[in-house]
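Structural overview
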Amino acid sequence: MRKTRDRRYVTLDTEHMRRLHQEAIEQLELMRTAFEAAEQAIGTMRDTLDEIALDHWNNYLDVVHIKEIQY
């Protein structure tokens with residue numbers, strides 16, 4: 001027999017969610033810009049730009065993770 005559980009209601013801060021969403025978009029845009037610049041670069045500059053793009057991807061994932069926790 002299943003035991004019924006009380007449901008907890010969650011309040012969402014919509015303004016905070018909007019800020020997180022905007023931050024995630026900005027990180028993706030910065031990552032795209034770094035990749036576009038890396039396509040034109042050579043040598044260590046290209047490597048550096050690839051690392052910067054990866055950092056923006058990781059920052060994006062951090063924001064998305066925080067966003068998921070809020071639900």
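See above for the structure.
Definitions and limits used
- Residues numbered from 1 in each chain as written.
- Predicted model: local features only at pLDDT ≥ 70, side-chain atom pairs only at ≥ 80, totals over all residues.
- Heavy atoms only, no water.
- Helix = DSSP H or I, 4+ residues; strand = E, 2+ residues; numbered from the N terminus.
- Contact = heavy atoms within 4.5 Å.
- Salt bridge = Lys/Arg side-chain N within 4 Å of Asp/Glu carboxyl O.
- Buried < 20%, exposed > 50% of the residue type's maximum accessible area, 1.4 Å probe, protein only.
- Patch = residues over 30% accessible without salt bridge, like charges linked within 9 Å, V, L, I, M, F, W, Y side chains within 5 Å.
- Areas by Shrake-Rupley, 256 points an atom, 1.4 Å probe, with all protein chains shown as cover.

So, the side chain of Gln27
For Gln27, the position within the fold is in helix H1 (residues 14-40). The residues contacting Gln27, other than those within four sequence positions of it, are His56, Asn59 and Tyr60.

Remarks on the side chain of His56
Locating His56 in the fold gives a position in helix H2 (residues 43-69). Other than its neighbours up to four places away in sequence, His56 contacts Gln27, Leu30 and Met31.

Description of the pattern of salt bridges
Using the criterion set out here, one finds two salt bridges in the structure. Put simply, Arg18 and Glu15 hold a salt bridge, and the shortest N to O gap is 3.6 Å. In this pair, Arg18 and Glu15 are both assigned in helix H1, three residues apart and thus about one turn of the helix distant. Residue Glu36 is joined to Arg32 by a salt bridge in which the shortest nitrogen-to-oxygen separation is 3.9 Å. Of this pair, Glu36 and Arg32 both sit in helix H1, separated by four residues, roughly a single helical turn. On the accessibility criterion, Glu36 (44% relative accessible area) is partly exposed.

Examining a nonpolar patch on the surface
Taken together, the side chains of Leu28, Leu54, Trp57 and Leu61 define a hydrophobic patch exposed on the protein surface, amounting to about 340 Å² of accessible area. Sorting elements by how many residues they give to the nonpolar patch places H2 first, with three residues. Examined against the element boundaries, Leu28 turns out to sit in helix H1. Classification of Leu28 as partly exposed rests on a relative accessible area of 31%.

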